[in-house]
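Fold and geometry: a report
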Amino acid sequence: MIKAGVIGATGYAGAELVRLLSGHPEVELSGLTSRNYAGRPFWEVYPHLYKYVDPVCAEQDVPALVAQSDVVFTALPHGHAMAVAKETLAQGKALIDLGADFRFRDAATYESWYKVEHTARELIARAVYGLPEIHREEIKVARLVGNPGCYPTSAILGLAPLLKEGWLEPDSIIIDSKSGVSGAGRGLSLNTHYCEVNESIKAYGVAGHRHTPEIEQELSALAGRQLTVSFTPHLTPMLRGILSTIYGRLTRPLSGGQAHALYRDFYAGERFVRVLPPGMLPATKAVAGSNHCDLGVVVDGRTGRVVVVSAIDNLIKGAAGQAVQNMNIMSGLPEDTGLCGPGVYP
Ligand SMILES: NC(=O)C1=CN([C@@H]2O[C@H](COP(=O)(O)OP(=O)(O)OC[C@H]3O[C@@H](n4cnc5c(N)ncnc54)[C@H](OP(=O)(O)O)[C@@H]3O)[C@@H](O)[C@H]2O)C=CC1
Ligand SMILES: CC(=O)N[C@@H](CCC(=O)OP(=O)(O)O)C(=O)O
């Protein structure tokens, strides 16, 4: 059995991770930490896990948690995983960080967008960007994984086939994304207050959201040249889910049938990416509660643009499910262990 510890277990991403790990046949929970709920049973904080998750939340004693774990997950706000990574790797264990601290190949980009100092620069070269469909071979041998952001997961999976094959004019890409409110975490804030969010949709972070450099880093690597994207997230009155509608100008004529075949072939054998049949488009409801990313691709011959629609559950493929998928790959387990099955509907 893999002994798995979760630091920041009581946030939305952490709790979803605990739920998935509690049903994983090869995992035993070695410890769950929280600042605010230390000493209380986890199920008191998340009653849906009553009779499924027994551990009591512990104070955040990182050396002790690492010592009793084989793999540690951090589901903390950015800036807090660097010290944990040092301790985890020093003890020869593996770390999967659900935050942004180890997603970037250079500290300068991280520091300029996240406005905190990177205090574990020496570990950046050892970190792997944990998007299995793109970096599976590196993840297999990694001890430190930077789990991707939710919006980047939907955007990168949506664009990878076209960019890898040179079908898109690199600076023509527009990513328009909508997120459920759980993407903002469990903490209270005016922006996520019911009366502010319900019956309303609003754009935020326009031309400056911190997922932009993460998307550009990965798309540039796929395209083989530096590119920029226009990325606009929106907050919508859903609990969970991300829908990204992505536009790009084609470099040469492409038929709808060819576009579909390109996606189908690129993701052939991928357990969690479902390229929908022509005429069918993704919806957040069809991926809620599952680790799937659903993709639909349409060529607009009139404008010479391609439109890709990508849907994920922000808390699963966008966070906790992807983290478990990474753990499975790092542990040599079948990739879908503990992640099988469709989501819930309606
Ligand atoms: N929500 C989402 O859809 C996604 C989230 N992520 C990333 O996952 C991480 C967690 O996000 P999310 O679960 O949404 O956030 P939440 O705000 O819901 O949870 C944060 C967790 O971190 C703990 N925490 C907060 N501040 C500190 C601190 N200063 N020191 C130690 N622990 C702290 C909280 O502990 P306590 O119990 O004490 O309150 C809580 O358990 C973030 O990095 C986020 O960006 C990534 C992809 C998607
Ligand atoms: C709806 C909503 O507020 N979403 C969050 C997603 C943040 C997140 O998960 O980002 P990191 O993992 O990179 O911190 C946001 O836009 O900031």
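Residues numbered from 1 in each chain as written. Chains lettered and ligands numbered in written order. Predicted model: local features only at pLDDT ≥ 70, side-chain atom pairs only at ≥ 80, totals over all residues.

1. Points about the site of ligand 2
As a matter of local geometry, ligand 2 sits amid H78, G99, A100, G149, C150, S179, G183, A184, H211, P233 and L235. Its residues assigned to classes, the shell around ligand 2 shows five nonpolar, six polar and no charged. Each of domain 1 (2-129) and domain 2 (151-314) gives at least three residues to the shell around ligand 2. (Near = placed C-beta within 6 Å. Nonpolar A, V, L, I, M, F, W, Y, C, P; charged D, E, K, R; others polar. Domains from an automatic or database assignment.)

2. Description of the UniProt feature "domain: Semialdehyde dehydrogenase NAD-binding" (unreviewed entry) in the protein chain
Residues annotated in UniProt with the feature "domain: Semialdehyde dehydrogenase NAD-binding" (unreviewed entry) correspond here to residues 3-142. For residues 3-142, the end-to-end C-alpha separation is 17 Å, with 34% helix and 16% strand making up the annotated structure. (UniProt positions renumbered as here; feature names shortened; annotations may be inferred. Helix = DSSP H or I, 4+ residues; strand = E, 2+ residues; numbered from the N terminus.)

3. Topic: the sheet that holds strand β9 (residues 230-235)
Taken in spatial order, the seven strands line up as β8-β9-β7-β10-β13-β12-β11 in an open sheet, and their pairing is mixed. Two strands bound the open sheet, and with one partner strand each, they are β8 (202-203) and β11 (273-275). As paired strands, strand β7 (residues 174-179) and β9 are joined by six bridges and run parallel to one another. Along β9, the bridge assignment pairs S179 with L235. The sheet strands contacting helix α7 (residues 150-164) are β7, β9, β10 (242-249), β11, β12 (293-300) and β13 (305-312), and the helix crosses β10 at an angle near 35°. (Pairing = 2+ DSSP bridges. Contact = placed C-beta atoms within 7 Å. Axes fitted to C-alpha atoms, helices over the stretch in contact; angles between N-to-C directions.)

4. Topic: the nonpolar core
Ranked by size, the top nonpolar core spans 88 residues in total, and within it V6, L17, V18, F73, L159, A320 and A323 carry the most contacts. Among the elements that line this core, the one with the most residues is α7, at nine residues. Composition of this core by domain shows at least three residues from each of domain 1 (2-129) and domain 2 (151-314). Not counting the four nearest positions on each side in its chain, A320 is found in contact with A13, E16, L17, L20 and L315. (Core = buried A, V, L, I, M, F, W, Y, C linked by C-beta atoms within 7 Å. Buried ≥ 20, exposed ≤ 12 C-beta atoms within 10 Å, placed from the backbone.)

5. Looking at the sheet that holds strand β6 (residues 144-146)
Spatially, β2-β1-β3-β4-β6-β5 is the arrangement adopted by the six strands of the open sheet, whose pairing is parallel. With partners counted over all chains shown, the strands left at the sheet margins are β2 (27-33) and β5 (127-129), one partner each. Between one strand axis and the next, the sheet turns through 20° on average, direction left out of account. Examined bridge by bridge, strand β1 (residues 2-7) and β2 share six bridges and lie parallel to one another. By the bridge assignment for β2, K3 is matched with E28. Across the face of the sheet, helix α4 (residues 81-90) comes into contact with β1, β3 (71-74), β4 (94-97) and β6 while running at roughly 160° to β4.

6. Comments concerning the confidence of the model for the protein chain
Summary statistics for the protein chain give a mean pLDDT of 97 and a share of 100% for residues scoring 70 or more. Among the prediction metrics, the complex's ipTM stands at 0.98, with pTM recorded as 0.98. (pLDDT = per-residue confidence, 0-100.)

7. What about the site of ligand 1?
Contacts to ligand 1 come from 30 residues, most closely from G11, S34, R35, G99 and G185. At the level of elements, α1 (12-22) and α11 (316-330) are the ones that each hand at least two residues to the shell around ligand 1. Broken down by element, the shell around ligand 1 gets its largest block of residues, three residues, from α1. Tallied by class, residues from the shell around ligand 1 come to eleven nonpolar, 17 polar and two charged. No fewer than three residues from each of domain 1 (2-129) and domain 2 (151-314) sit in the shell around ligand 1.

8. Some thoughts on the UniProt feature "active site" (unreviewed entry) in the protein chain
In the UniProt entry, the feature "active site" (unreviewed entry) is given for C150. Mapped onto the secondary structure, C150 falls in helix α7. The buried category is assigned to C150, around which 30 C-beta atoms lie within 10 Å. Setting aside anything within four residues of it in sequence, one finds C150 in contact with S179, G183, I242, N314, G318 and A319.

9. A word on the environment of V18
Relative to the helices and strands, V18 resides in helix α1. Given 26 C-beta atoms within a 10 Å radius, V18 is considered buried. Taking C-alpha positions, V18 is 7.9 Å from V53, a pair spaced 35 residues apart along the chain. For V18, the residues in contact, after removing those within four places along its chain, are V6, A9, L32, F42, L49 and V53.

10. Observations concerning the packing of helix α6 (residues 132-140) against α11
Packing of α6 against α11 leaves a shortest axis separation of 9 Å and a crossing angle of 40°. Here α6 is positioned oblique relative to α11, judged by the angle of their axes. Remark: the crossing between α6 and α11 carries right-handed chirality. Mapping the contact onto sequence places P132, R136, I139 and K140 in α6 and Q325, N326, I329 and M330 in α11. Residues of the contact of α6 with α11, tallied by class, amount to four nonpolar, two polar and two charged. (Parallel < 35°, antiparallel > 145°, perpendicular 65-115°, else oblique. Left-handed = near helix turned anticlockwise from the far one by under 90°.)

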